[in-house]
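Working through the structure, step by step
Below are the chains, spelled out letter by letter.
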Amino acid sequence: MSERVDVFGRPLISKFLYQLIIRQLMDDGFPAAARAVSDSTLTPPSEKLEKNRLANLVTSALRSERAFGTGPSPTETDLDSGLFDEETSLQRDEEQLKEEEAQEKAELDLDSPPKNVKAPKLESKFNTLHKAPCRVATFSGDGKLVATGSGDASIKVLDVQKMIIHGQQQGEQSSDAFTVTRPVIRTFYDHTAAVSDLDFHPRGVPLLISCSKDCTIKFFDISKASNKRSFRLIQDTHPVRSIQFHPTGDFILAGTDHHMIRLYDVQTFACFTSANPGDHHTAPINQVRYQSNAN
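Read on for an overview of the structure. Predicted model, so just to flag it, every value in this text is computed and none were measured.

Strand β5 (residues 195-200) sits mainly inside the fold: 6 of its 6 residues count as buried. Note: β5 against strand β6 (residues 207-212), 5 bridges, orientation antiparallel. Residue pairing for β6: D199 is matched across the bridge by I209. Hairpin connection from β5 to β6: 6 residues lie between these consecutive antiparallel strands, with G204 at a positive phi of about 80°.

Direction vectors running N to C along helix α1 (residues 12-27) and helix α2 (residues 31-41) enclose 160°, while the axes themselves pass 7 Å from each other. Viewed along their axes, α1 and α2 adopt a mutual orientation that is roughly antiparallel. α1 and α2 meet at a crossing whose hand is left-handed. Within the contact between the two elements, α1 uses Y18, I21, I22, L25 and M26 and α2 uses P31, A33, A34, V37, S38 and T41. Grouping the amino acids of the contact of α1 with α2 by side-chain chemistry returns 9 nonpolar, 2 polar and no charged.

On to the sheet that holds strand β4 (residues 184-189), then. A sheet is described by the order of its strands in space; here 4 strands give the open sequence β1-β2-β3-β4, paired in antiparallel fashion. This sheet does not close on itself; its edge strands, each paired only once, are β1 (134-139) and β4. On average, each strand axis in the sheet is inclined to that of its neighbour by 15°, with strand direction left out of account. Pairing between β1 and strand β2 (residues 145-150): 5 bridges, direction antiparallel. Paired with A137 across the bridge in β2 is T148.

Here is what the cut-offs are and how they apply
Residues numbered from 1 in each chain as written. Predicted model: local features only at pLDDT ≥ 70, side-chain atom pairs only at ≥ 80, totals over all residues. Heavy atoms only, no water. Buried < 20%, exposed > 50% of the residue type's maximum accessible area, 1.4 Å probe, protein only. Helix = DSSP H or I, 4+ residues; strand = E, 2+ residues; numbered from the N terminus. Pairing = 2+ DSSP bridges. Axes fitted to C-alpha atoms, helices over the stretch in contact; angles between N-to-C directions. Parallel < 35°, antiparallel > 145°, perpendicular 65-115°, else oblique. Left-handed = near helix turned anticlockwise from the far one by under 90°. Contact = heavy atoms within 4.5 Å. Nonpolar A, V, L, I, M, F, W, Y, C, P; charged D, E, K, R; others polar.

Structure, rendered in structure tokens:
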């Protein structure tokens, strides 16, 4: 039976080996070297390979050789590198790591309850219910509003001060005659699947954005009580898991079920992503966040 080859006449196992090397170089922080190997061997990177696959294969092979006494005898170079030195063997490293963890646990006494520590006093000021689990909650930049998103596809916006007043009316003595408060000031029904993330505009604009498993990012005007639906939307190709405004408010960073991070222009909805394969993840993106200085 003839050996299977690729379009260049190379054994398929060679292509797989090159892809392992390229992925390992990327995992180790050498994207330029990975591109050089890819270009010189005419082998594209494989997005299906898990992280450190080559390193794990080599580790497993070395352990098997040591356990069963197979493979070539160690050379002087191998001995000098410490690869076959009993003191630096992989097994010893694992045992040493377990000993260090056990020692740290003993020092911290993690299994014993803390002494002389009083539990914080928690008070419930206000409760509001969605029809499904609440998946996300976020404060506005000034702390005056909080938004919640649910698996039932609904979004609620609450006034923090009204929640506090509501708690005083319900369970505290006060000389002031508080009027009836309604902490939930907005409720939006516009997604068709669970809400994944929310973010308020960072510059005080009365704008809330949301993302959902329905593959959309939606814009809500929170200045008008009559608004129930979004006035703009970005249609993505994958369920959107996480979003955040750039501190200037001009862009939106988005993470989806796809492995590439998106950057959307708020005005034009133009989508930007890195052209460098080494900059991308290899699986869905769970969360995206900017630093406060946006660097």
